[in-house]
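The primary structure of each chain is shown beneath.
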There are 2 protein chains.
Amino acid sequence: MSEREPDKDPTTPAEESASQETYAFMDKVVAEVSDALAAEESQRVKQIIEPLHYSDVADLVERLAPEDRDALLEIIKRDFDPEILHELDEELRDEIVKKLGLKNVAAAVSEMDSDDAVSVFEELADNERKQLLAAIPAADRAVIRDALTYPEDSAGRLMQRELVEVPPNWTVGETIDFMRRTADDEFQDLPEVFYDIFIVSGEGKPLGAIPLSRLLRSRRQMPVTEIMETEMQLIPATMDQEEVAFLFRQRDLVSAPVVDEAGRLVGAITVDDVVDVIQEENEEDFLGLGGVAGSDLHAPPVETAWRRSHWLFVTLVNNVIAAAVISRFEATIEQMVALAVLMPMVAAMGGNAGTQVVTVVVRGLATKELSPSNIWRVAAKEIGVGVLNGAGFALLAGTLAAFWFENAALGAVLGGAMVFNMVWAGLAGTLIPMALVRFRIDPAIAAGPFLTTTTDVLGFFCFLGLATRFLLGG
Amino acid sequence: MSEREPDKDPTTPAEESASQETYAFMDKVVAEVSDALAAEESQRVKQIIEPLHYSDVADLVERLAPEDRDALLEIIKRDFDPEILHELDEELRDEIVKKLGLKNVAAAVSEMDSDDAVSVFEELADNERKQLLAAIPAADRAVIRDALTYPEDSAGRLMQRELVEVPPNWTVGETIDFMRRTADDEFQDLPEVFYDIFIVSGEGKPLGAIPLSRLLRSRRQMPVTEIMETEMQLIPATMDQEEVAFLFRQRDLVSAPVVDEAGRLVGAITVDDVVDVIQEENEEDFLGLGGVAGSDLHAPPVETAWRRSHWLFVTLVNNVIAAAVISRFEATIEQMVALAVLMPMVAAMGGNAGTQVVTVVVRGLATKELSPSNIWRVAAKEIGVGVLNGAGFALLAGTLAAFWFENAALGAVLGGAMVFNMVWAGLAGTLIPMALVRFRIDPAIAAGPFLTTTTDVLGFFCFLGLATRFLLGG
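Predicted model, so just to flag it, every value in this text is computed and none were measured.

This part is about the environment of D70 of chain A. With respect to the secondary-structure elements, D70 of chain A resides in helix α4 (residues 66-76). Remark: the alpha-carbon pair of D70 of chain A and L100 of chain A, spanning 30 residues in sequence, is separated by 9.3 Å.

Right under this line is the structure:
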């Protein structure tokens, strides 16, 4: 088993086998540490922390109450495992970097792999970034500075700079000897873990790659060019990480060379780096669909309230528009108050049917199963689904309303408006996300509010309009 | 660069650098293939397909209109790249397996890696599974049968069975020689690509693992036990894949040994297998939040309508309950029709604020940042957020209503109901997902409908109740 750092988890495999138990284990740790902190027994805290995996320590920090968190940091800040920083929620990382103090963070960052260290720097404000850069060794500083010249969330920030590169005239034996020699040189320049070696031309361009498992299976005399893979997926250093993640998933890549504008090899991205990106991008989409701009679990209430208020403001505006539509029919509602009882149903059915469509379409766009070439076929299908479910639920709701208010015409009007709104939901649910993508707006966040505004407005207008026309003889 | 299959994509790296261009490229392929199929030029179709990566062919199959899809399958079924099957949307895979015919699928499956082949079998109905099993070579059949004995979505289904295992008394040199020897034997038994070798005891228990990069850096005389990693994260073969994915993310694993109940090494899982699981699990949560039980982009309209109707039925029931609440206040609405205009606003603001909370909490539960140990702290925070945003939006909406209907008391009632509903949303949004988890119900799907029922009912009840009490002097 390989991982970035030896695993020091003290639990036995059996203890960790089930989700519920992982939970229970962390709950126990949190409780024990809280107790020890309350009793101010810093030695006991150290004993509990010592055998933990760095990701568990990060979890612990996230779960503790703010005052306990500060006390814990005081205890562990002197030999702070740098990997903990990398594992922390971004929201908290900034706060904890400040609390640890420049000297401790600088020491931690110097020990990290270049790509992990970069991720810590990314989170800092300009001023703090400068101070921290000045506090780390010059060689590290140059690497970090270089990485930070690439755009945020780009392949250049994600890649590992340490590579094993060999010239095309070498053999398998020479390559292995080279690695052994460099390894003896205090591992100088060799990455801690790697999966491929790269064959590079005189100008620094990648000619091919050899997976280590193939290198190990080959005879020493074999020229590297004979066994190298030449069909490589080159990743430009400026490519967005979302696109990198997509390529890795789509092409089942395990590692890929990163090249600069001149086509020279500057680094490599491996699939374990991409796992975090995939998780991050998925998380963004998930939160966006629920109207949250980013994970705010660890943010203070005032900040959370402010960030969430944006989407709520959009909701309010939508509802003011819907209210304006309803108010046009005040006279109708006054005459038949049953309409007020039933109208939220029309809006809600359209809104939820539309949300289902938006969800599937946004997903399809993210996985690139959907594009302009097949959007109309999907729209046609979704209209069909709208007709089917619209008809079904119109019948159900219409019948219910007809019996409830002893008014068959009212039931028919409710059913008619529902069919109309649910068919509209199929069409709008498909086209709105597609249009947003064209305007470079993230459909995961914006499509829902847009859609429900239309289904609210149309739902109320249609139901109350039909009622005015057919029930009151207006 | 290593990947499961050589990449045959004909586009240059520059052409593929941007998302929009990947799009454009596939759109072009789809258009060309459709044209060629329409003209019945199967030779041209073959020429377009030939240089494509298997994942692009899968995309193509997904994007074509159903009749074109059938025509394309007729053309390529004779030498069908097995990896295409693995890449296809599950929805379509079943259909395409049927259309390809038993003989062609059997030929394709026999060529696949064991874990990929298993995933094809998983999708089949019992009867088809038996037929296909009978049609493949006996050795493959035994492997597949064995894999299928593990529970669905378990580590045993995910793992690769082909491993490099060596005894603890070997040296690095012996290990490399062994691999070279086995490789000459037509790659017999050696996995195509691997990242670790495992040191295994006489009873078959894993003692340690060596990442290939470390093996390559070590001198030939070095005993394997000297350089092996002993702190391994053992994965029980019955562990759920979601838990496996969590461990890989949490512990930054690249590969991990899988053991049976007796602790014997039976396989290994590598991070590239886990990428698909992470994507799948995220997709499920995303779709669930939007009220869709699974990706239905490629399902026929009738089936889609039926599957989506479940959630819509819940929506209808919610709204019937809400309607029953509203109907209790018919007399009030008759006297003051402005209430009908404003009441959807109270429900919507509470519903959307609650959806934000549910989204963050469901995410926190999935990443295990949230557990019973800190749920009350989060609930307290969310109530605080509800108070803040409730007060802010109550002021805004209340003032607006007061001016609109020239009735300050109406504004105050609207504001009061809104504060109440948004504070409730904070509490219920935290506790409902937590309670659902306890009853082993997936909160991503169920928490939203539960929550909005409460915010609808409370919103209408509170607003109309306050209005009856304070505005009409009831």
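Our next topic: the sheet that holds strand β1 (residues 165-166) of chain A. Residue and element names in this part refer to chain A. Taking strand neighbours across the sheet as the criterion, the three strands line up as β1-β2-β3 in an open arrangement whose pairing is mixed. Strands at the two margins of the open sheet, each flanked by one partner only, are β1 and β3 (206-211). Pairing geometry for strand β2 (residues 196-200) and β3, over five bridges, is antiparallel. Across the sheet, residue I197 finds its bridge partner in β3, namely I210.

Moving on to the sheet that holds strand β5 (residues 255-259) of chain B. All names here are of chain B. Within the open sheet, the three strands sit side by side as β4-β5-β6. Their pairing is mixed. Here the strands that pair on one side only, and so sit at the sheet edges, are β4 (235-236) and β6 (265-270). The pairing of β4 with β5 spans two bridges and is classified as parallel. Each bridged residue has a counterpart across the sheet, and for P236 the counterpart in β5 is V259. Sitting on the sheet, helix α16 (residues 271-289) touches β5 and β6, and the angle it makes with β6 is about 65 degrees.

Residues and elements named next belong to chain A. Taken over all residues, the pLDDT of chain A has a mean of 85, while the share at 70 or more is 93%. Below pLDDT 50 for its whole length, residues 1-20 participates in 46 contacts with residues either more than four positions away or in separate chains. Taken together, the chains of this predicted complex give a pTM of 0.82 and an interface ipTM of 0.81.

If you look at the interface, chain A gives 125 residues, while chain B gives 126 residues. Looking at the side of chain A that touches chain B, the element that brings in the most residues is helix α19 (residues 338-366) of chain A, giving 17 residues. Its residues assigned to classes, the side of chain A that touches chain B comprises 66 nonpolar, 30 polar and 29 charged.

Moving on, we get to the relation of the copies chain A and chain B. Expressed as a screw transformation, the operator carrying chain A onto chain B has a rotation angle of 180 degrees and an axial translation of 0.0 Å, and the superposed copies differ by an RMSD of 0.2 Å. The two molecules are tied by a two-fold rotation axis, judged by turn and shift. Comparing contact sets, 100% of the residues at the interface of chain A also lie at the interface in chain B, consistent with an isologous, same-surface contact.

A word on unusual backbone geometry. Positive phi, close to 55 degrees, is recorded for E40 of chain A, a residue that is not glycine. Of note, E40 of chain A is situated in the loop between α1 (19-38) and α2 (42-49). One non-glycine residue, D153 of chain B, lies in positive phi territory at about 60 degrees. For D153 of chain B, the location among the structural elements is in the loop between α10 (138-148) and α11 (155-158). Owing to 18 C-beta atoms within 10 Å, D153 of chain B belongs among the partly exposed residues under this scheme.

What counts, and at which threshold
Residues numbered from 1 in each chain as written. Chains lettered and ligands numbered in written order. Predicted model: local features only at pLDDT ≥ 70, side-chain atom pairs only at ≥ 80, totals over all residues. Helix = DSSP H or I, 4+ residues; strand = E, 2+ residues; numbered from the N terminus. Pairing = 2+ DSSP bridges. Contact = placed C-beta atoms within 7 Å. Axes fitted to C-alpha atoms, helices over the stretch in contact; angles between N-to-C directions. pLDDT = per-residue confidence, 0-100. Nonpolar A, V, L, I, M, F, W, Y, C, P; charged D, E, K, R; others polar. Least-squares fit on C-alpha atoms with pLDDT ≥ 70 in both. Buried ≥ 20, exposed ≤ 12 C-beta atoms within 10 Å, placed from the backbone.

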